[in-house]
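# Observations on the three-dimensional arrangement
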Amino acid sequence: MTFECFSGILDTMSIEEESIKFLEWHIENSFSDLMEQNNIVDMEWDEGHTKGEQWIRAIARMSEANVICLFPPFFLNRPNNYYKKT
């Protein structure tokens with residue numbers, strides 16, 4: 001029995017899991033000072049492409065008025081392991 005019909009779903013789950021890990025890493029490392037002082041009120045995702053590379057980017061609205069956190073882009077068609085090199 002093959003599961004080819006589920007391959008898109010499995011790929012999507014993998015992208016979702018990896019994007020969450022990416023986001024968590026940046027919350028703990030790149031934006032730790034901001035996160036210590038504020039809470040994330042809500043978050044939305046922007047999507048786009050640059051030179052043929054598709055990406056999504058989290059934008060978080062923080063508890064302090066007029067403060068947002070613009071996360072780095074998460075690329076959909078290449079590895080995002082560059083953020084772990086610190």
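Above: the structure in question.
What counts and what doesn't
Residues numbered from 1 in each chain as written. Predicted model: local features only at pLDDT ≥ 70, side-chain atom pairs only at ≥ 80, totals over all residues. Heavy atoms only, no water. Patch = residues over 30% accessible without salt bridge, like charges linked within 9 Å, V, L, I, M, F, W, Y side chains within 5 Å. Areas by Shrake-Rupley, 256 points an atom, 1.4 Å probe, with all protein chains shown as cover. Salt bridge = Lys/Arg side-chain N within 4 Å of Asp/Glu carboxyl O. Helix = DSSP H or I, 4+ residues; strand = E, 2+ residues; numbered from the N terminus. Buried < 20%, exposed > 50% of the residue type's maximum accessible area, 1.4 Å probe, protein only. Core = buried A, V, L, I, M, F, W, Y, C linked by side-chain atoms within 4.5 Å. Contact = heavy atoms within 4.5 Å. Pairing = 2+ DSSP bridges.

The next point concerns a nonpolar patch on the surface. Where nonpolar side chains cluster on the molecular surface, the patch consists of Ile40, Met43 and Trp45 and spans about 250 Å² of accessible area. Relative to the elements of secondary structure, methionine 43 occurs in strand S1 (residues 40-50). The partly exposed category is assigned to methionine 43, whose relative accessible area is 31%.

A positive phi angle is found at lysine 51, which is not glycine, with a value near 50°. Within the fold, lysine 51 resides in the loop between S1 and strand S2 (53-62). A positive phi is found at asparagine 66, a non-glycine position, where the angle reads about 65°. Counting through the fold element by element, asparagine 66 comes out in the loop between S2 and strand S3 (68-70). On the basis of relative accessible area, asparagine 66 is assigned to the exposed category, the value being 83%.

The next thing to look at is the nonpolar core. Counting residues in hydrophobic clusters, the biggest one holds eight residues: Leu23, Met35, Ala58, Ala60, Met62, Val67, Cys69 and Phe71. For this core, the leading source of residues is S2, giving three residues. For valine 67, the residues in contact, after removing those within four places along its chain, are Leu34, Ala60, Arg61 and Met62.

Sheet topology places S1 next to S2; ten bridges connect them, and they run antiparallel. Residue pairing for S2: aspartate 42 is matched across the bridge by arginine 61. Taking the residues that link successive antiparallel strands as the turn, the S1-S2 hairpin has two residues, and the phi of lysine 51 there is positive, at about 50°. Where S2 lies against strand S4 (residues 74-75), two bridges are found, and the strand directions are antiparallel. Its bridge partner being in S4, tryptophan 55 is matched across the sheet by phenylalanine 75. Pairing of S2 with S3 involves three bridges; the strand directions are antiparallel. In the strand pairing of S3, isoleucine 59 is matched with leucine 70. Connecting S2 to the antiparallel partner S3 that follows it, the hairpin turn spans five residues, and asparagine 66 within it adopts a positive phi of roughly 65°.

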